[in-house]
Amino acid sequence: MRKSTVAISLVSLASLTACGSSGLFDRDRPDEFAVSRQPPLVIPPDFTLVPPQPGQPRPQTGGVQQQTLEALFGGPQARSITESAVVGQAGEADAGIRSSVGDPDTYTVDKGSVTRDIIAAPEGDGQNAQAAVPE
């Protein structure tokens, strides 16, 4: 009984000293009356701005596809000298190239049965893979 009374009185004494401004539990506290004010809002100098339309994407962010491309590739990059040379040698693409590829009159090269076998081969885990070097 005596030990519990001493313990309770010590806890009470410690909690009462925390209420004071000096002593064991003294610490620096922020001044709640020292509040900084924000600068006032300013009207932008361009008065021709139109309000945003509901459902339209933000003009500064672009569309979802543009955000995806920027996240994957880091935005538009300048072409290297080599890439510019290759694109320049390739020339302009025909506008209707996609529709003429499926045309039965389009000339195609028969790749043979080797290519067909490679494409039709089942996917493996690579455990039994072998490489043969032609002599």
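Each value, and the rule that gives it
- Residues numbered from 1 in each chain as written.
- Predicted model: local features only at pLDDT ≥ 70, side-chain atom pairs only at ≥ 80, totals over all residues.
- Heavy atoms only, no water.
- Helix = DSSP H or I, 4+ residues; strand = E, 2+ residues; numbered from the N terminus.
- Buried < 20%, exposed > 50% of the residue type's maximum accessible area, 1.4 Å probe, protein only.
- Areas by Shrake-Rupley, 256 points an atom, 1.4 Å probe, with all protein chains shown as cover.
- Patch = residues over 30% accessible without salt bridge, like charges linked within 9 Å, V, L, I, M, F, W, Y side chains within 5 Å.
- Salt bridge = Lys/Arg side-chain N within 4 Å of Asp/Glu carboxyl O.
- pLDDT = per-residue confidence, 0-100.

Colleague: Even after reading the chapter, I still don't get the overall build of the protein, so can you show me in this structure?
Modeller: Along the backbone of the protein there are 5 helices and 0 strands. Tracing the protein from N to C terminus, the helices and strands come up as α-α-α-α-α. Looking at the protein as a whole, 1% of its 135 residues are labelled buried. In the form shown here, the protein has an accessible surface area of approximately 14,000 Å², with 59% of it arising from carbon and sulfur atoms.

Colleague: In this structure, what is going on with a nonpolar patch on the surface? I would like to understand it.
Modeller: A cluster of nonpolar residues, V6, L10 and L13, forms a patch on the protein surface that exposes about 270 Å² of accessible area. Checked against the element boundaries, L13 lands in helix α1 (residues 2-17).

Colleague: Sorry if this is basic, but what is going on with the confidence of the model for the protein here?
Modeller: In low-pLDDT regions, the fine details of the predicted coordinates are not to be read closely. Averaged over every residue, the pLDDT of the protein is 76; residues scoring 70 or more account for 84%. The least confident element of the protein, judged by mean pLDDT, is helix α4 (residues 97-101) at 72; the most confident is helix α3 (residues 81-90) at 89.

Colleague: I'm lost on the pattern of salt bridges in this one. Help?
Modeller: Pairing between side chains becomes possible if they bear opposite charge and their charged atoms approach one another. Across all of its chains, the model carries 1 salt bridge by this definition. In this structure, the salt-bridge partner of R79 is E83, at a minimum N-O distance of 3.8 Å. With relative accessibility at 52%, the residue R79 sits in the exposed group. Since its relative accessible area comes to 39%, E83 is described here as partly exposed.

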